[in-house]
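The lines below spell out each chain.
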Amino acid sequence: MEQTSHHDRLPRELKYIQYEHRLETQYLPAIRALISKDLSEPYSIYVYRYFLYQWGHLCYLAIDPNDSSLVGVIICKLEAHASHSPPTLRGYIAMLAVQSTYRGHGVATTLVKMAIDSMKARNADEVVLETEETNIPAMRLYERLGFLRSKKLHRYYLNGNSAYRLVLLLKPVDPDSAADLALDEADIYR
Amino acid sequence: MGGSEGIVAFDITKKFRAAAGTLELGELVKDDFFSLFESVGALEIMDPKMDSGCLAPGESLDEDYDVTRPLSPGEVIGIIDQLFCLEMAWYQGYPLSQTLLTNVYIDRMLEPEPLILQDADFIRERIAKEQRDPMHVVLRAYCLGLVKCCWYINDRIKFEHYYEEEDFVTNTYHRSLLDSFDLNDINDEIMAARRLVHSIRHRIGNELAQALGFRLELRTAFLRAIELSVMRSNPESLSLPWTQMKAVWEMIYQSRHLGQPVPEAFSTKIQRRLASTMPPRPIVKLSTEETYKHFKKLFVDGINVLNVLNYHDSQSLLVLTYHQNFVMTFQSQKPQPLVYIRTLLQSFLFKDMIILGKLSIRHVLDDDLSLVVLPASKFLDPANDLVEAPHHPRYALAHQMELFRQRAAQSYLDIFRAFCQNRCRIRRTLCHSIQDWETVQVDAEEIDQLLRLQIDEKPHVYPPTGDEDTSGVEPTYSLPLSSWAYLYKLRLMEWIVQLGFELDIYAPDELAGMYWYLSDLARHRARLVDRISYFTKLRAAEEKGGATAAQEAAFIRSKHYLYQASFDAAITWEMADAMSNMYAALGRLGLIVPPPRPYSTDELRYDVRMKPFGTIGLPELPSWEVYRASTDRAQVETEKLLEDARLSLEQAQRGLEVVARMSEKESFSVGCYERWLGGVTGQIRAVEKAGVVVEVVMRKLEEKGEGTKGKELGLKVGIGKAAEGEHEWWVVPTVEEIDQRA
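Not measured: the values here are computed from a predicted model.

Enquirer: Can you help me understand the environment of Ser150(A) in this one?
Expert: Residue and element names in this part refer to chain A. Tracing the sequence through the fold places Ser 150 in strand β6 (residues 148-153). On the accessibility criterion, Ser 150 (12% relative accessible area) is buried. Counting along the chain gives 14 residues from Ser 150 to Tyr 164, while the straight-line C-alpha distance between them is 7.3 Å.

Listed below in structure tokens is the structure:
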């Protein structure tokens, strides 16, 4: 992708769509390529299918309308979190990526907002994610939306970097729900 | 397919194909047990990043380095020095597959697994000793020592509490790290190699011979240090090999220029032969300088950790209170000691449930109770155990105290165990511990009630009213055990908040509130210490005259401790008040601007932030309204906020200066005094810096007049990482004067 030609484009020109299974052939390879770019360990196809098949409605794509190319993507899940009593409905932002040439235009923020809105509409209690401690732009993005760091995870990533767990509470905590203080065990993204 | 009883095999290929044919590409059929974990574990054949057997065109499966080629002394030094870098990377938490097991010599030595020591060699052919390349002999001996070290360290770490992959990777990929070979035999090989080097020193030159000798000597010392560390007595002799390593390490570093790198003796391809599905991952490359620094720190920590064993006076009975300081200060070093050292600390403290190799848990618990709440108390009198008549009050005391010890021991030790972990884990673990201590406190209160009946304790009005007439005021009892548990719980709660600052958990606009909460907790603690002191004094007065010298001494010791504890609490609350007021003012002045947060409310974030404390009954979590009102102090003018901050800082500084003059004994920091004092002076510097910030803001506000905000004040405030500040628990902002016309 040429560095300059896309630069001046305004994100409002982009088209945001919800992922559907019929888009797999067209977009899955691009989604994988975009996400793998920042990963030392690629996820296998099964990881993508695990999310997309079950929670395609929580996956959004940012598309360049001119050539239908993929600019950004967010992949999430939403399920009952078992270690809570009573269990909470927990949204999890698993992957978020935007083409480097489009960064700084709010594409990622738009994608995250769409995902949160969708989770809210589905009655989510909270949304969580992990991010590398060195990834300042990501933390700023989430913290601007209302996420808080709830804990730090030592050497969470294979490269030896630590992570922060970020939490966005959407509904008040049940005061009697006991001791899963910790918004606990880190899901196994590494 | 035979042998499995009752199982009839038949071919389902056709059926399966037909069924699969009805699926679209990408359609997923999964049962409820196929979890994310399974999907992450799956791999794709022929993807070079996932398939370990996938080769690039023209790539060979194995490395083709010739381990039999002659080596120059410089090359051996180069290889050894590279091995140091890899060894350190492993200690830091990277897997063996990406560190030491990338070395071809080590690989050939371990695979196929040697059954006799003679075969533990990268050259398996038998060559007569005198015909061997002496450099091969040296490198082999070094590698033998290195691998055996790794085996011991791996084994030791596995034995203690640590977090796999997070702290350390113990996986050896089915390679045996010379497990079954005798340490003495390996030592002999190293000694033989040292003699060999000595004998050829004229041929290869003194300088090279010495450089090789240092490296072999380090291995000997390392093995010796490990061997000795299972003993938990005589710290002086235990520290000898560590001291030796520290010295030799300098010589090794100074002779590094003699090394000639042999990069081709290291290969990621070896990973394909390891028991792992992981495709080859890059070698972790620490620089020589980093490696030097970390080894140096390792050896210093290795010496220092032994001090935990170094209490001279078992009569002083201050064991864990002192060790609490030791562990705390030891563990708050930056960088934290390596996991191996932390493992040693754990094993020194707890191995076989014998504390520091000498003391029973009862001994330790009773020491602590005696110091904090029960000096010279008959509750702790060992003679109680000798009473056999079940109706005798002393029999009941012994029984109830034993129940309490059984209840509290694990929770008590868990605190120390927690503090041996990495910083992130300490905070997470303490969040759970406070729940546990909440119930310890409740159970302790029950036992308190039973105990006071046995000794027929008279209630007292507390806090004392000063009036003669105390009618209408409910008198209370001393409640020593639950007070003790409560004190620990409060301290744990403070630690959780303080570690939150240390780990940069809080957003800038949360700082005012979190410091207010810290202050609130410290005030609770101070009040509790006052209460304990009051009842201890009463008892001391009652027993005056009848007390033995030892009992007198116990009362005095406890008094010192409580004095120091209340001082510590006061400093914490003054400093926390100052920080809270300062950050509240900065927020009001628009110098710290909260992000928009369209998806969140202040109350919801309060819920998230205070979740660990939400279930604690005492002290009850302040309501959001109280928290906000106390943090914002809306009715107080900004100038007054800053003035209050200034006054609190002055108080804190005065307190800290008194503390800084305390002796090792007075501060309960025997064996860790310097680290402890470093912490105190760090706090003093933090106070001073905060003082400057407050002063600058006050001055600007005066210049510009009330109501001036943000940029118009001509100030810019920044908040750095806690680790880069003067003290990790006191986050002091930077303030910079700017040209507001810009």
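Picking up where we left off.
Enquirer: Teacher, can you tell me more about the domain arrangement of chain B here?
Expert: Note on interface size: it is often stated as the accessible area lost on association of the parts. All names here are of chain B. When its domains are assigned, chain B resolves into domain 1 (73-309) and domain 2 (415-736). Put simply, the middle of domain 1 and the middle of domain 2, counted by C-alpha atoms, are 47 Å apart. Listed per partner, the contact involves eight residues of domain 1 and seven residues of domain 2. The junction of domain 1 with domain 2 conceals about 610 Å² of combined surface from both sides, 32% of it contributed by carbon and sulfur atoms.

Enquirer: I'm lost on the UniProt feature "domain: NAA35-like N-terminal" (unreviewed entry) in chain B in this one. Help?
Expert: The UniProt feature table records "domain: NAA35-like N-terminal" (unreviewed entry) at residues 26-187 of chain B. Between the end C-alpha atoms of residues 26-187 of chain B there is a gap of 59 Å, over a span that is 39% helix and 0% strand.

Enquirer: I tried to follow the nonpolar core on my own but got confused; where do I start?
Expert: As a rule of thumb, soluble globular proteins bury nonpolar side chains together. Ile31(A) and Trp484(B) are the most contacted members of the largest nonpolar core, which totals 282 residues. When residues of this core are assigned to domains, at least three map to each of domain 1 (73-309) and domain 2 (415-736) of chain B. Excluding residues within four positions of it along the chain, Trp484(B) makes contact with Leu365(B), Asp368(B), Leu369(B), Val372(B), Val373(B), Phe404(B), Ala408(B), Tyr412(B) and Trp437(B).

Enquirer: How should the confidence of the model for chain B be read in this particular structure?
Expert: A low pLDDT means the predicted coordinates there should not be read in detail. Residues and elements named next belong to chain B. Looking at chain B as a whole, its pLDDT mean stands at 91, while 96% of the residues score no less than 70. The lowest-confidence element of chain B is helix α11 (residues 319-331), averaging 70 in pLDDT; the highest-confidence one is helix α3 (residues 73-91), averaging 98. Note that residues 312-319 has pLDDT below 50 and, in this model, eleven contacts with residues that lie over four places away or in other chains.

Enquirer: Looking at this model, I keep getting lost on the side chain of Gln98(B). Mind explaining?
Expert: Residues and elements named next belong to chain B. Turning to its location among the elements, Gln 98 is positioned in the loop between α3 and α4 (104-110). A distance of 2.8 Å separates a polar atom in the side chain of Gln 98 from the backbone oxygen of Pro 282. Other than its neighbours up to four places away in sequence, Gln 98 contacts Leu 86, Gln 271, Arg 281, Pro 282, Ile 283 and Val 284.

Enquirer: Can you walk me through the pattern of salt bridges in this structure?
Expert: Pairing is possible between side chains of opposite charge, provided their charged atoms come close. Residues and elements named next belong to chain B. Overall, the coordinates contain 53 salt bridges over all chains when judged by the stated rule. Between Asp 121 and Arg 132 there is a salt bridge, with its nearest N and O atoms 2.5 Å apart. Linking Asp 121 in the loop between α4 and α5 (134-159) with Arg 132 in the loop between α4 and α5, this pair joins segments that are eleven residues apart in sequence. Like Arg 132, Asp 121 is buried. Note that Arg 140 is salt-bridged to Asp 121, the shortest N-O span being 3.5 Å. One end of the pair, Arg 140, is in helix α5; the other, Asp 121, is in the loop between α4 and α5, and 19 residues separate them in sequence. Residue class for Arg 140 comes out buried when judged on its relative accessible area of 8%. In the salt-bridge network here, residues are joined through shared partners; they are Arg 362, Asp 366, Asp 385, Glu 402 and Arg 405.

Definitions and limits used
Residues numbered from 1 in each chain as written. Chains lettered and ligands numbered in written order. Predicted model: local features only at pLDDT ≥ 70, side-chain atom pairs only at ≥ 80, totals over all residues. Heavy atoms only, no water. Helix = DSSP H or I, 4+ residues; strand = E, 2+ residues; numbered from the N terminus. Buried < 20%, exposed > 50% of the residue type's maximum accessible area, 1.4 Å probe, protein only. Domains from an automatic or database assignment. Contact = heavy atoms within 4.5 Å. Buried area = accessible area lost by both parts, 1.4 Å probe. UniProt positions renumbered as here; feature names shortened; annotations may be inferred. Core = buried A, V, L, I, M, F, W, Y, C linked by side-chain atoms within 4.5 Å. pLDDT = per-residue confidence, 0-100. Polar contact = N/O pair within 3.5 Å; in protein donor to acceptor, adjacent residues only side chain to side chain. Salt bridge = Lys/Arg side-chain N within 4 Å of Asp/Glu carboxyl O.

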